[in-house]
Amino acid sequence: MADHRAVITWHRHDAAFTDNRYSRAHEWAFDGGVRVPASASPHVVPVPWSDPAAVDPEEAFVASLSSCHMLWFLSIAARRGFVVDEYHDDAVGMLGRDEDGRQAMLDVVLRPRVRFGAEAAPDMATLTEMHHAAHDACFIASSVKTRVRCEPVVDGVLQDAS
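For the structure given in this document, a descriptive report is provided here. (Residues numbered from 1 in each chain as written. Predicted model: local features only at pLDDT ≥ 70, side-chain atom pairs only at ≥ 80, totals over all residues. Heavy atoms only, no water.)

1. Here's the deal with the overall build of the protein
Scanning the protein for helices and strands turns up three helices and nine strands. Each helix (α) and strand (β) of the protein, taken in turn from the N terminus, gives the series β-β-β-α-β-β-β-β-α-α-β-β. A globule of 162 residues ought to have a C-alpha radius of gyration of about 15 Å, yet the protein, at 20 Å, is considerably larger. Taken over the C-alpha atoms alone, the protein extends approximately 60 × 40 × 35 Å along its principal axes. (Helix = DSSP H or I, 4+ residues; strand = E, 2+ residues; numbered from the N terminus. Rg over C-alpha atoms; globule rule 2.2 N^0.38 Å.)

2. Focus on the packing of aromatic side chains
Scanning the model with the defined rule gives seven aromatic pairs in all. A ring pair is formed by Trp72 and Phe139, whose centres lie 5.7 Å apart and whose planes are at 85 degrees; its orientation type is edge-to-face. One end of the pair, Trp72, is in helix H1 (residues 57-79); the other, Phe139, is in helix H3 (residues 139-143), with 67 residues separating them in the sequence. You can call Trp72 partly exposed: its relative accessible area is 25%. Its relative accessible area of 58% is what places Phe139 among the exposed residues. The rings of Phe73, Phe82, Tyr87 and Phe116 are connected pair by pair, giving a single aromatic cluster. (Phe/Tyr/Trp six-rings, centres within 6.5 Å; stacked < 30°, edge-to-face > 60°. Buried < 20%, exposed > 50% of the residue type's maximum accessible area, 1.4 Å probe, protein only.)

3. Digging into the pattern of salt bridges
Counted under the stated rule, the structure contains six salt bridges. In this structure, Arg80 and Glu129 form a salt bridge, with 2.6 Å as the shortest nitrogen-oxygen distance. Of the two residues, Arg80 sits in the loop between H1 and strand S4 (84-89) while Glu129 sits in helix H2 (residues 124-137), which places them 49 residues apart along the sequence. Where Arg115 meets Glu86, a salt bridge forms, and the shortest distance between an N and an O atom there is 3.2 Å. Here the residue Arg115 occupies a position in strand S7 (residues 112-116), and Glu86 occupies one in strand S4, the gap between them amounting to 29 residues. Here Arg115 falls in the partly exposed class, since its relative accessible area comes to 46%. Residue Glu86 is classed as partly exposed on the basis of its relative accessible area of 39%. (Salt bridge = Lys/Arg side-chain N within 4 Å of Asp/Glu carboxyl O.)

Okay, here's the thing in structure tokens:
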């Protein structure tokens, strides 16, 4: 089993807060040193309290699903001897109300376009099967129903949140 970590940091930059007029801009940091500007979606929190140029959690969710699918697809294609020259996905996620009335990502649609090398390309049935295999192998797609726990830390001490 492997741990995958992200550090999310936000700071209040002005006196306002309790009036709900504060910036949602924050930063994601990853173990490789990459730092990503993040924010609430402007579809959820209006500008100027969100940053439309930053990545929002909903976009990251869609990108994670698309990226995982792509990485598995490339692996499957390579193992089967198909040379992929380009992979492009216009993925989209739809946020709405679930059966309990809660906001949720209800549907994510991947729309990959794959350009194969001149050597050989799979027929449509094989291409479809390769995408199904990539979906079945994708850790993120398999994790969508994952349990999410919150374990608060106060003054350096892990609190029991059960």
